[in-house]
Amino acid sequence: MTLHQIPNTLQIDSFWMPFTANWQFKSAPRLFESAQGMHYTTVDGRKVIDGSSGLWCTNAGHGRREIAAAVERQLMNLDFAPSFQMGHPLAFEFANRLAEIAPTGLDRIFFTNSGSESIDTALKIALAYQRAAGQAARTRLIGRERGYHGVGFGGMSVGGMVNNRRAFATHLPGVDHIRHTHDLARNAFSKDLPEHGAELADDVERLVALHGAETIAAVIVEPVPGSAGVLPPPKGYLQRLRQLCDKHGILLIFDEVITGFGRLGTPFAAQYFGVTPDLMTTAKGITNGTVPCGAAFASRKVYDGLMTGPESQIELFHGYTYSAHPVACAAGIATLDIYRDEGLLTRGASLAGYWRDALHQLKDLPNVIDIRNVGLMGAVELAPRKDAAGERGYEVMVDCFTHGLYLRQSGDALAMSPPLIVEHSHIDELVSILGDAIKRVA
Ligand SMILES: Cc1ncc(COP(=O)(O)O)c(C=O)c1O
């Protein structure tokens, strides 16, 4: 088989691929056949190093036998159990295990099946909490430009990436956005957190002045926006956001769907930044990407605020058939065991310096206009071609794939975050393939 050739038995028309240029893809498909450790193998038998942990989710690397075994055991023992007015022990065990590593106080866990569901869950909890607290006028939800919070109507509405919004005219009413923090003029090539821009958090004050604090339920941000191309927050920004939310009685939600489970060298970004939100959304790494699962973490204040009784009252009319699915719980517990036994939730801290220095070696290559890093996340941004934003980034992504590196492209930014089992030699390999691709594409 030659490069990009697909098995001739495979019919590729029916699968409507998500977030993909279907037409373009199907004319030259990129297909993975298997994966182990740090690498994928393509259908044409080539090894491709995984620079983005699948979709930021295979934090412990691919092909983990312990997770596969736990899933098989669970399927044979209890394949499904309802979590509406019924339960099964694994759900409680999994929630307890998550609470153990959660940022202080965020130890009430609501299970979902994806990041998008976690976001909509957190937004609904925020609204219900404000209402229960006697603040029923607090119905506004505030997101941030360039934010990505999944694809449900809630997440889309608070999200701030235009392509994810413009085709779908109906958004939630009463949503507004604070400004993003991406500032190439002041912060290009910052190592770790940028110096400039903490004051952008004050944009909350602008919306408070415009709408009235008494109408705002929650502010949601990714601590480090990932899908928009890895945008580390300016020093002090998240602290300031927390202070302003406290000042105005607004709940703060961190979307940690990407940053959760060790990506920054701490279990969650909240711990990395020393800022604790009221609600936190997760998914992806929660099961090492193996079985769909997500969770919204709530503070005691939020949870207790809704547990007002009477005893027979369902406190939150919300949930999914597959909330706390036994197989997801089994996969999740096995994943947490691996994270604990191999120290993966903090391993990124010892690699972050090497990662930073390796990425910044690409600084002088053609068209590189920014390099960003924090923890084990990083991005290289290229200058857009005239009237063809994203084209250069796409070509570099394809060239990388052809030469043995998988990474995520966001416009003209190439975003990376390898599995937390990564070694220095993998980082060298990844950066060298990317550098060569940037030179080739120019
Ligand atoms: C920060 C963030 N929130 C939410 C989501 C949506 O997660 P899912 O695709 O599992 O619905 C993503 C997915 O990339 C994400 O990066």
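Residues numbered from 1 in each chain as written. Predicted model: local features only at pLDDT ≥ 70, side-chain atom pairs only at ≥ 80, totals over all residues. Heavy atoms only, no water.

**Re the packing of helix H13 (residues 344-360) against helix H15 (residues 424-441)**
- Axis separation between H13 and H15 bottoms out at 10 Å; the angle between their running directions is 20°. Regarding the angle of H13 to H15, the classification is roughly parallel. Relative to H15, the crossing made by H13 is right-handed. Facing Leu351, Tyr354, Trp355, Ala358 and Leu359 of H13, the residues of H15 in contact are His424, Ile427, Asp428, Leu430 and Val431. (Axes fitted to C-alpha atoms, helices over the stretch in contact; angles between N-to-C directions. Helix = DSSP H or I, 4+ residues; strand = E, 2+ residues; numbered from the N terminus. Parallel < 35°, antiparallel > 145°, perpendicular 65-115°, else oblique. Left-handed = near helix turned anticlockwise from the far one by under 90°. Contact = heavy atoms within 4.5 Å.)

**Description of the site of the ligand**
- Around the ligand, the neighbouring residues are Ser114, Gly115, Ser116, Tyr148, His149, Gly150, Glu222, Ser227, Asp255, Val257, Ile258 and Lys284.
- Tyrosine 148 is positioned such that a nitrogen or oxygen atom in its backbone is 3.4 Å from a nitrogen atom of the ligand.
- Note that an oxygen atom of the ligand is positioned 2.9 Å from one of the side-chain N or O atoms of lysine 284.
- Contact with the protein chains covers 83% of the free accessible surface of the ligand, which is 390 Å². (Near = heavy atom within 4 Å. Polar contact = N/O pair within 3.5 Å; in protein donor to acceptor, adjacent residues only side chain to side chain. Areas by Shrake-Rupley, 256 points an atom, 1.4 Å probe, with all protein chains shown as cover.)

**So, the sheet that holds strand S13 (residues 405-406)**
- If you walk across this open sheet you meet the 4 strands as S1-S2-S3-S13, and the pairing is mixed. With partners counted over all chains shown, the strands left at the sheet margins are strand S1 (32-36) and S13, one partner each.
- Sheet analysis places strand S3 (residues 47-50) next to S13, joined by 2 bridges and oriented parallel. In the sheet register, aspartate 50 faces S13, and the bridge partner there is tyrosine 406. (Pairing = 2+ DSSP bridges.)

**Digging into helix H8 (residues 203-211)**
- Every buried residue of H8 is listed here: Asp203, Val204, Leu207, Val208 and His211. Across the axial projection of H8, the buried residues extend over an arc of 150°, all falling on one side.
- Contacts made by the buried residues of H8 are with strand S5 (140-144), strand S6 (175-178), strand S7 (216-221) and helix H9 (237-248).
- Note on H8: the residue one or two positions beyond its end, glycine 212, has a positive phi of about 90°. (Buried < 20%, exposed > 50% of the residue type's maximum accessible area, 1.4 Å probe, protein only. Arc of directions from axis to C-beta.)

**Here's the deal with the environment of threonine 58**
- Positionally, threonine 58 belongs in the loop between helix H2 (53-56) and helix H3 (65-77).
- For threonine 58, a relative accessible area of 7% translates into the label buried.
- Between the alpha carbons of threonine 58 and glycine 285 there is a distance of 6.0 Å; along the sequence they are 227 residues apart.
- Excluding residues that lie within four positions of it along the chain, threonine 58 makes contacts with Asp50, Ser53, Asn288 and Pro419.

**Focus: the sheet that holds strand S9 (residues 279-282)**
- One open sheet holds the 7 strands; their spatial order is S4-S10-S9-S8-S7-S5-S6, and the pairing between them is mixed. Bordering the open sheet on either side are strand S4 (108-112) and S6, each of which pairs with just one other strand. Pairwise comparison of adjacent strand axes, ignoring direction, gives a mean angle of 20° for this sheet.
- As paired strands, S9 and strand S10 (residues 294-298) are joined by 4 bridges and run antiparallel to one another. Residue pairing across strands places leucine 279 opposite alanine 298, the latter belonging to S10.
- Contacts between helix H4 (residues 89-101) and the sheet are confined to S4 and S10, with S4 contributing the most and set at about 120° to the helix.
- On the sheet, H9 packs against S5, S6, S7 and strand S8 (251-255) and is oriented at approximately 145° with respect to S8.

**Section: the pattern of salt bridges**
- All told, the structure shown has 27 salt bridges when counted by the stated rule.
- Glutamate 66 is paired through a salt bridge with arginine 64; the nearest N and O atoms lie 3.5 Å apart.
- Linked by salt bridges that have partners in common, Arg97, Asp337, Arg340 and Asp341 make up one network. (Salt bridge = Lys/Arg side-chain N within 4 Å of Asp/Glu carboxyl O.)

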